[in-house]
Amino acid sequence: MTAEEQKGDGQTAVPMEGEDISIKKDGGVLKVVKREGTGKDLPSTGDKVFVHYVGTLADGTLFDSSRDRQDRFSFELGKGQVIKAWDIGVATMKVGEVCQLICKPEYAYGTAGSPPKIPPNATLIFEIELFEFRGEDITEDEDGGIIRRMITRGHGYSKPNEGASVEVTLEGSYEGRVFDQRELKFEVGDGESLGFPSGVEKAIMAMEEEEEALFILKPKYGFGDTGKVQYNIPGGATLQYKIKLTAFEKAKESWEMNTAEKLEQSVIVKDKGTQCFKDGKYKQASVQYKRIVSWLEHESGLSEEDEKKAKALRLAAHLNLAMCFLKVQELNQALENCDKALELDASNEKALFRRGEALFGMKEFDKAKNDFQQVVQLYPANKAAKSQVVLCQKRIKEQHEKDKLIYGNMFQKFAERDSKKEALKGKIDGKENGGEKMETEKSEEKA
């Protein structure tokens, strides 16, 4: 039967032939290349792809077309955002390629169809053109700082968390030069001590077991503006890391531990954080202190003794976090942790002093002075606080002098501007009056 004959009987307008690209090789997705694409790369799972498509039923009836809307369609490949046939078919396409996909119902909308345009058990035909594809952005803010290109999909839905023990094989490269190649086991949170940029651990925490992927790290998630002398990486470098997550064991979440375990683990990570702080690894130390807060912040129903221990650990965690954030100049977070510490102990010397330091750094000199004065009142032996009060007063005076100068100049400019306006107005009024006088004289002459 010819294609035209098939169309005439209302069954099909397209020959059901092409390369079987279905995973099961059951003829569920047939592909015919209409125009070859360019390059060697194919889109991978998680990539955002951009296409045009025209969709018809088997009898040639058009049911949807992005071309008619003049609007390219985009979706994340392999994430179930489209019918199965599309996830399978588009993954085989190159940029610039145009192909035809013949999709059996089980790879399309199945027995339910998609009323009113697609009936139950419908075989669908799509003509698809692939324009471009981009890697998956795995950053929380979706700022394009860490892009993943999947090489081999992992399995399961679980991913490493903070503190998880992971086994990885990784290869770091810059402009085609491999600078780091290792196979190791470590705990997520220790990456800085191993010479990894922050983006590596963020990447690992987005992976599934036995997944292998290529990650592109922008400078913010790489070695920043300073670079890494050890690896001969300049500032502002974009890095590539090929990572395989061989295995991992998640750290226990808060809800998986009883009170005794939380208190025991909090003491362990507190000591670990303190050692990191002594070594100058402030971000790494903050990771440990944050774990204490997450474990104990909402713990309730404790015995009097456990409540006392938990409060002491939480207070220490917030104080140490404040100090870590002061060291890395993240002043808002330092301020927040000082406030949390003061909720636990309203007259805590370290919390008041560190809050004063944070406020001073934010140029809130009046507020900073109040905190330092409170330290002096409560702890008269604190010489550092006395010095800070004097320094705050000096900064406040300097600020007043500066403001006085700025506003004085501003008022002078306003006065000069107003004076010029008045002078200009006087000239205009004079011309207008002179004109009126001449007109009056002319009128009198005519009379």
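Residues numbered from 1 in each chain as written. Predicted model: local features only at pLDDT ≥ 70, side-chain atom pairs only at ≥ 80, totals over all residues. Heavy atoms only, no water.

A. Main features of the overall build of the chain. When you go through the chain residue by residue, the secondary structure sums to eleven helices and 13 strands. Restricting the contact set of the chain to residue pairs at least 6 apart, pairs at least 24 apart contribute 63%. Taken as a whole, the chain presents about 25800 Å² of accessible surface, with 49% of it coming from carbon and sulfur. (Helix = DSSP H or I, 4+ residues; strand = E, 2+ residues; numbered from the N terminus. Contact = heavy atoms within 4.5 Å. Areas by Shrake-Rupley, 256 points an atom, 1.4 Å probe, with all protein chains shown as cover.)

B. Representation of the pairing of strand β13 (residues 239-249) in the model. Pairing analysis gives nine bridges linking strand β10 (residues 165-174) to β13, with the strands arranged antiparallel. The residue of β13 that forms the bridge with Glu171 is Lys242. Sheet topology places strand β12 (residues 212-217) next to β13; six bridges connect them, and they run antiparallel. The residue bridging Glu212 from the neighbouring strand is Lys244, located in β13. (Pairing = 2+ DSSP bridges.)

C. The arrangement of helix α6 (residues 282-296) in detail. For α6, which comprises 15 residues, the first-to-last C-alpha distance of 22 Å matches the rise-based estimate of 21 Å (1.5 Å per residue) to within 8%. The element α6 is extensively covered by neighbouring structure, given that eleven of its 15 residues are classed as buried. Gln284, Ala285, Ser286, Val287, Gln288, Tyr289, Arg291, Ile292, Val293, Trp295 and Leu296 are the residues of α6 that are buried. Where α6 is buried, its residues touch β11 (177-187), α5 (259-278) and α7 (304-327). (Expected span 1.5 Å × (residues − 1). Buried < 20%, exposed > 50% of the residue type's maximum accessible area, 1.4 Å probe, protein only.)

D. Region of interest: the environment of Glu212. Its location among the elements puts Glu212 in strand β12. The spatial distance from the C-alpha of Glu212 to the C-alpha of Arg149 is 9.1 Å, given a sequence separation of 63 residues. Residues within four places of Glu212 in sequence aside, it is in contact with Met150, Ile151, Thr152, Met207, Lys242, Ile243 and Lys244.

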